[in-house]
Amino acid sequence: MQGSLPPEAQEKIEELQDLQEQAQQLAEQKQSTQTSLTEAKAALDAMEDIDEDSTMYREVGEILVETDYDTAFDDLEEKVDTLELRAERFDSQEEKVQQQFEDLQEELQQMLQGGAGGPGGMGPGGPGAGGA
């Protein structure tokens, strides 16, 4: 079907496909961020039940390093704040991509309806014209 479309319509379809891919990538990144945020919030909540004099460790690469309660708590709070901002950014980006998708889809529909609905329908050079 795409072979019989005007080049402008084919371009719009390709742009729609690109936007779909972008939306999928954003959704995956957002989900990953939401998972990390949930884990960080759970850890922060768990720290409320831990004695502040307890020995704490944090992960640095592949090893655990001893740290104090206040530092661990502050680091987790900062991580939660950062992840919340990132999640908000993904929401904003998703809305933007969705709007672009809808606008592009509308342009494509108008382009296709305008091409087939004009006076005389398919003009000379439409499907079936010429021959070989």
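Residues numbered from 1 in each chain as written. Predicted model: local features only at pLDDT ≥ 70, side-chain atom pairs only at ≥ 80, totals over all residues. Heavy atoms only, no water.

The name an unreviewed UniProt entry gives the protein chain is Prefoldin subunit beta, with Halobaculum marinum as the organism. Annotation of the protein chain in UniProt includes, under Function (unreviewed entry), the sentence "Molecular chaperone capable of stabilizing a range of proteins. Seems to fulfill an ATP-independent, HSP70-like function in archaeal de novo protein folding." Looking at the Subunit (unreviewed entry) heading of the UniProt record, one finds this comment for the protein chain: "Heterohexamer of two alpha and four beta subunits." (UniProt positions renumbered as here; feature names shortened; annotations may be inferred.)

Moving on: the overall build of the protein chain. A tally of regular secondary structure across the protein chain gives 2 helices and 2 strands. When the helices and strands of the protein chain are listed from N to C terminus, the series reads α-β-β-α. Each of the 132 residues in the protein chain was classed as buried or not, and the buried ones make up 20%. Counting contacts in the protein chain only where the partners sit at least 6 residues apart, residues at least 24 apart contribute 65% of the total. (Helix = DSSP H or I, 4+ residues; strand = E, 2+ residues; numbered from the N terminus. Buried < 20%, exposed > 50% of the residue type's maximum accessible area, 1.4 Å probe, protein only. Contact = heavy atoms within 4.5 Å.)

Time to look at a negative patch on the surface. A contiguous patch of negative charge on the surface is contributed by D51, E52, D53, D68, D70, D74, E77, E78 and D81. Along the chain, D81 falls in helix 2 (residues 69-116). (Patch = residues over 30% accessible without salt bridge, like charges linked within 9 Å, V, L, I, M, F, W, Y side chains within 5 Å. Areas by Shrake-Rupley, 256 points an atom, 1.4 Å probe, with all protein chains shown as cover. Salt bridge = Lys/Arg side-chain N within 4 Å of Asp/Glu carboxyl O. Lys, Arg positive; Asp, Glu negative; His and termini not counted. Charge placed at Lys NZ, Arg CZ, Asp CG, Glu CD.)

Here we take up the pattern of salt bridges. Applying the stated rule across the entire model yields 5 salt bridges. In this structure, E107 engages K12 in a salt bridge whose closest nitrogen and oxygen atoms are separated by 2.7 Å. In this pair, E107 is assigned in helix 2 and K12 in helix 1 (residues 7-47), connecting sequence segments 95 residues apart. The exposure class of E107 is partly exposed, given its relative accessible area of 36%. Assessed through its relative accessible area of 17%, K12 is described here as buried. Among the ionic pairs, E94 bridges to K30, the shortest N-O distance being 3.1 Å.

Now for the pairing of strand 1 (residues 56-60). Examined bridge by bridge, strand 1 and strand 2 (residues 63-67) share 5 bridges and lie antiparallel to one another. Counterpart to V60 in the pairing with strand 2 is I63. Hairpin remark: strand 1 followed by strand 2, antiparallel, with 2 residues in the connecting loop; positive phi at G61, about 65 degrees. (Pairing = 2+ DSSP bridges.)

Counted according to the given criterion, the structure contains 1 aromatic pair. Taken together, a centroid distance of 6.1 Å and an interplanar angle of 15 degrees make the contact between Y69 and F73 stacked. Residue Y69 and its partner F73 are located together in helix 2, separated by 4 residues, close to a single helical turn. (Phe/Tyr/Trp six-rings, centres within 6.5 Å; stacked < 30°, edge-to-face > 60°.)

Looking now at the layout of surface pockets. Of the volumes computed, that of the largest pocket is approximately 400 Å³. Going through the elements one at a time, helix 1, strand 1 and helix 2 are the ones with two or more residues in the lining of the largest pocket. The element contributing the most residues to the lining of the largest pocket is helix 1, with 5 residues. (1 Å grid on protein atoms, 1.4 Å probe; cavity = no way out; pocket = protein on both sides within 12 Å on 5 of 7 lines; lining within 4 Å. Points joined across faces, edges and corners; volume = space filled by probe spheres on them.)

Looking at the protein chain, pLDDT values average 85 and 84% of them are 70 or higher. Of all helices and strands in the protein chain, the one with the weakest mean pLDDT is strand 1 (90), whereas strand 2 scores best (95). (pLDDT = per-residue confidence, 0-100.)

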